[in-house]
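Residue strings, one per chain:
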Amino acid sequence: MKASLCAAAASSFERLFLDGALPKSAKSIDGGTELTDSNAGPARTRYAPSPTGPQHIGGMRTALFAWLFARRHGGQFILRIEDTDQKRSVPGSLEMILQSFDWLGMDIDEGPREGGPYGPYVQSERLELYQAWAAWLVENGHAYKCFASVEELAEMRAAGAGYDRRYRDTSAARAANLEAQGLPYVIRFKMPLTGVTVGEDMIRGPIEFDNDKMQDAVLLKSDGYPTYHLAHIVDDYHMKISHVTRAVEWLPSFPLHLQIWKAFAWEEPQFAHLPVLLNPNGKGKLSKRKQQFTDAAGKSVPVLVQEFIEAGYLPAAVMNFLCNIGWNYGDNEEIFSIAQAIERFDLKDVNPANSAYPIAKLDWLNSQYIQRAGDDELCRRLKPILEKAGYSVDGERLKRVAPLLRVRLKSLNDVLPMAGFFFDDWTAFSPPAVDILIQRKMDDQQTAAVLRDAILVLERLDDFAPEAQQAAMASYAKATGFKNGQVFGTLRAAVTGQRVSPPTFETMEILGKAESLRRLKLALASLQQAVA
RNA sequence: GGCCCCUUCGUCUAGCGGCCUAGGAUGCCACCCUUUCAAGGUGGAGACACGGGUUCGAGUCCCGUAGGGGCUACCA
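Residues numbered from 1 in each chain as written. Chains lettered and ligands numbered in written order. Predicted model: local features only at pLDDT ≥ 70, side-chain atom pairs only at ≥ 80, totals over all residues. Heavy atoms only, no water.

Trainee: Sorry if this is basic, but what is going on with the overall build of chain A here?
Mentor: Helix and strand counts for chain A stand at 21 helices and 11 strands. For a compact globule of 532 residues, the expected C-alpha radius of gyration is about 24 Å, and chain A comes in at 32 Å, more than 25% above that figure. For chain A, with 532 residues in total, the buried portion stands at 52%. Across chain A, contacts joining residues at least 24 apart in sequence account for 75% of those joining residues at least 6 apart. For chain A, the exposed area adds up to about 24,300 Å²; of that, 52% sits on carbon and sulfur atoms. (Helix = DSSP H or I, 4+ residues; strand = E, 2+ residues; numbered from the N terminus. Rg over C-alpha atoms; globule rule 2.2 N^0.38 Å. Buried < 20%, exposed > 50% of the residue type's maximum accessible area, 1.4 Å probe, protein only. Contact = heavy atoms within 4.5 Å. Areas by Shrake-Rupley, 256 points an atom, 1.4 Å probe, with all protein chains shown as cover.)

Written out as structure tokens, the structure reads:
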């Protein structure tokens, strides 16, 4: 017999939450559908974070796998906010979570923003539902009211054991009496005292748990809020979730959850306990609370989605990066589109082992994605970064600069030190210090000579295309005995003011002949003044 | 402490009993290319945690040990 709420509770709930949402013909509020084979039909998966702050990359990967599975099976992906711990709720969390999904392009079918037929999708707005089902569990002998005080509980914990089930067998009359006295209570689940519970995990297979090792977990707190244990099951049932995906830290409470499903006599969904991300050194779970990590180069390691955005990563690269942790596309392919991933993704193929956060690979992947990006996309991504840094960006100029940057950027932000000078106020250009201007194995005299000669050579050029410049300067180098690198490097430094830049002649072409010559003369004058 | 999960190159992974003298990627090193920085090309070093079984045959199955991770809250 399937659990259903008493008429009073059901009607009050219907009025509150289900008005017009469920077909009126639904016999009772539970109206769950029979779930079919795991991979047969459309899947409904969910990501159910607590709103405790910025979106963490670990949670994002968990969400990604749920999302991929839903998309693979043509189902729905649901976002549900689990804010049953009032103390831990952080305002603005939902916005940050949504921003993360939007940035990565993970579309949500049902959720607090999107709405949907099984809302509300925020647990604090569903309190009556949990309370009604908790009451149902008590009435049907699957749960009981526990009046133990926090002091009592602390004593029991201090004594080494957990809660001793002292109210498990309290008579209904006595419980009513205690309640009438105004004693606060929680509702606890009556976990079977003997036997084993076998949980089937999609990734790991069957897992056995001894029931006598389990506690009588709290389902409903004394403040009327449910715990995760109750709330997620009630919601997963009502929201018709077909596959529950969550991090491995939930594995120890798996048997508890299974027993609750059983107590309700609801057909349980399938479960996949996903591996988690460990710190880059492999020690400990990657956590948002722990200290910041830095890589070998001293660069701080991003762990919040916001940090990936700020660090100049492409969302497609981050998605690809996440897919490659604990799952792989196959065919020895490291780089693939999200559409390709959807075609092949299966929870069953997820590696059960936790993994160290392989952040070093992201730089490589990101540079690969930048190389493959179209000109338009590259410009579109680069523009706001330049503008944020205070440059005023001319679209046409950016269009000419971007291709030179394509193979040189690990991160979009690298555009700043590499090519920011293109977007500076040219009239304010000042030549570099002599230590940048003078190339290796050259002195000030030679540098001055090269600059002086280059001005003459380049001035005569009618065709200022890079090839023409290069031909002219290469023959000059040959004639004078300088290495190409010495001559070209001097020009680079004079014209860009930098040691590292895009290719010199392409750069000068974009600056234009007049501006390039002006800069060379400026450099020459500055050098002569410095050594005088 | 108890319970649960996990264990292939530094790292991410392929491998689902013979195709493995273990493949790919990243990182590292070398060389090539080269106007800087990159990119690209070629090559190199680099792993089945350990010990028992099962089997004609084990990285692949079982047991144990060790190591790692997690849970053990009126947090999720």
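Trainee: Mind showing me how you'd approach the sheet that holds strand 7 (residues 218–220) here?
Mentor: Backbone hydrogen bonds hold the strands of a sheet together, and the pairing may be parallel or antiparallel. Reading across the sheet, the 3 strands line up as 3-4-7 and stay open at both edges, with antiparallel pairing between neighbours. A single partner strand is all that each edge strand has here, and the edge strands are strand 3 (143–146) and strand 7. The average undirected angle you get between the axes of adjacent strands in this sheet is 45°. Inspection of the sheet shows strand 3 paired to strand 4 (residues 186–189) by 4 bridges, in the antiparallel sense. Within strand 4, the residue paired with cysteine 146 across the bridge is valine 186. (Pairing = 2+ DSSP bridges. Axes fitted to C-alpha atoms, helices over the stretch in contact; angles between N-to-C directions.)

Trainee: Any chance you could explain the packing of aromatic side chains here in plain terms?
Mentor: Two aromatic rings are characterised by how far apart their centres lie and by the angle between their planes. Under the defined criterion, the tally for this structure stands at 22 aromatic pairs. With 5.0 Å between their ring centres and 90° between their planes, tryptophan 133 and tryptophan 266 make a pair best called edge-to-face. Within this pair, whereas tryptophan 133 is found in helix 4 (residues 127–139), its partner tryptophan 266 is found in the loop between helix 8 (254–264) and strand 9 (270–274), the two being separated by 133 residues in sequence. Overall, tryptophan 266 belongs to the buried group, its relative accessible area being 2%. (Phe/Tyr/Trp six-rings, centres within 6.5 Å; stacked < 30°, edge-to-face > 60°.)

Trainee: How do you make sense of the side chain of aspartate 201 when you look at a structure like this?
Mentor: The residue aspartate 201 is located in strand 5 (residues 196–201) in this model. Those residues in contact with aspartate 201 that sit more than four places away from it in its chain are Ile207, Phe254, Phe271, Ala272 and His273.

Trainee: What should I look at first to understand the side chain of serine 93 in this one?
Mentor: Mapped onto the elements, serine 93 comes out in helix 3 (residues 93–104). Taking relative accessible area as the criterion, serine 93 reaches 1% and is therefore assigned buried. Reaching out from serine 93, the side chain makes a polar contact with the backbone oxygen of proline 51 at a distance of 3.0 Å. (Polar contact = N/O pair within 3.5 Å; in protein donor to acceptor, adjacent residues only side chain to side chain.)

Trainee: What is the right way to read the protein's contact with RNA strand B from this model?
Mentor: In the vicinity of RNA strand B, 60 residues are found, and the nearest of them are Gly326, Val407, Arg408, Arg492 and Ser501. Within 4 Å of the protein, the atoms of RNA strand B are drawn from sugar and phosphate moieties in a proportion of 71%. Within the side chain of threonine 504, a nitrogen or oxygen atom sits 3.0 Å from a base oxygen of RNA strand B. For the surface near RNA strand B, the secondary structure elements donating two or more residues are helix 5 (150–158), strand 4, strand 6 (205–210), strand 11 (355–356), helix 12 (360–372), helix 19 (484–496) and helix 20 (504–511). (Near = heavy atom within 4 Å.)

Trainee: Help me understand the pattern of salt bridges, please; the structure alone is not making it clear to me.
Mentor: Side chains carrying opposite charge are able to pair once their charged atoms draw close together. For the coordinates displayed, the defined rule picks out 30 salt bridges. Measuring nitrogen to oxygen at the nearest pair gives 2.7 Å for the salt bridge that ties arginine 126 to aspartate 235. Highlighted residues: arginine 126 in the loop between helix 3 and helix 4 and aspartate 235 in helix 7 (residues 228–238), separated in sequence by 109 residues. Under the relative-accessibility criterion, arginine 126 is labelled buried at 2%. Linking arginine 166 and glutamate 152 is a salt bridge whose minimum nitrogen-to-oxygen distance equals 2.5 Å. A residue pair is termed long-range when its members are at least 10 positions apart, and arginine 166 in the loop between helix 5 and helix 6 (172–180) and glutamate 152 in helix 5 qualify at 14 residues. (Salt bridge = Lys/Arg side-chain N within 4 Å of Asp/Glu carboxyl O.)

Trainee: What am I meant to see in the environment of leucine 98 here?
Mentor: Inspection of the secondary structure assignment puts leucine 98 in helix 3. Judged by relative accessible area, leucine 98 falls into the buried class, the value being 8%. Apart from residues lying up to four places away in sequence, leucine 98 is in contact with Leu79, Ile108, Arg113 and Glu114.

Trainee: Can you walk me through the packing of helix 19 against helix 21 (residues 513–531) in this structure?
Mentor: Geometrically, a packed helix pair is captured by the angle between its two axes and the distance between the axes. It is at 8 Å that the axes of helix 19 and helix 21 come closest, and there the two elements cross at 100°. By the criterion of interaxial angle, the relationship of helix 19 to helix 21 is roughly perpendicular. Side by side, helix 19 and helix 21 meet where Leu491, Ala494 and Val495 of the first sit next to Ser516, Arg519, Leu520 and Ala523 of the second. Partitioned by chemical class, the residues of the contact of helix 19 with helix 21 number 5 nonpolar, 1 polar and 1 charged. (Parallel < 35°, antiparallel > 145°, perpendicular 65-115°, else oblique. Nonpolar A, V, L, I, M, F, W, Y, C, P; charged D, E, K, R; others polar.)

Trainee: What should I look at first to understand the pairing of strand 2 (residues 76–79) in this one?
Mentor: Remark: a regular strand shows side chains that alternate across the two faces of the sheet. Note: strand 1 (residues 44–47) against strand 2, 4 bridges, orientation parallel. From the neighbouring strand, threonine 45 faces strand 2, where its bridge partner is phenylalanine 77. Between the parallel pair strand 1 and strand 2, the chain is carried across by helix 2 (residues 57–72), and the sense of this crossover is right-handed. (Right-handed = clockwise from strand over helix to strand, strands pointing away.)

Trainee: I'm lost on the pairing of strand 6 in this one. Help?
Mentor: Summarising the sheet, strand 5 and strand 6 pair through 6 bridges and their orientation is antiparallel. The residue bridging threonine 197 from the neighbouring strand is phenylalanine 209, located in strand 6. Adjacent in sequence and paired antiparallel, strand 5 and strand 6 are bridged by 3 residues.

Trainee: Help me out: how do you make sense of a negative patch on the surface in this one?
Mentor: Together, Asp462, Asp463, Glu467 and Glu509 make up a negatively charged patch on the protein surface. Considering the arrangement of structural elements, one finds glutamate 509 in helix 20. (Patch = residues over 30% accessible without salt bridge, like charges linked within 9 Å, V, L, I, M, F, W, Y side chains within 5 Å. Lys, Arg positive; Asp, Glu negative; His and termini not counted. Charge placed at Lys NZ, Arg CZ, Asp CG, Glu CD.)

Trainee: What exactly am I supposed to notice about the nonpolar core here?
Mentor: The nonpolar side chains of a soluble globular protein tend to be buried with one another. Formed by 110 residues in total, the largest nonpolar core has its most connected members in Ile57, Phe101, Tyr357 and Met473. The dominant element in this core, judged by the number of residues it contributes, is helix 2, at 10 residues. Setting aside anything within four residues of it in sequence, one finds methionine 473 in contact with Ala454, Val457, Leu458, Val487, Phe488, Leu491 and Phe505. Ranked by size, the runner-up nonpolar core spans 43 residues in total, among them Leu129, Val234, Leu251 and Leu256. (Core = buried A, V, L, I, M, F, W, Y, C linked by side-chain atoms within 4.5 Å.)

Trainee: Looking at this model, I keep getting lost on the environment of arginine 166. Mind explaining?
Mentor: Overall, the relative accessible area of 37% leaves arginine 166 in the partly exposed class. Linking arginine 166 and leucine 98, residues 68 residues apart in sequence, is a C-alpha distance of 44 Å. Dropping the residues within four chain positions of it, arginine 166 is found in contact with Glu152 and Met156. Separated by 2.9 Å, the side chains of arginine 166 and aspartate 164 make a polar contact.

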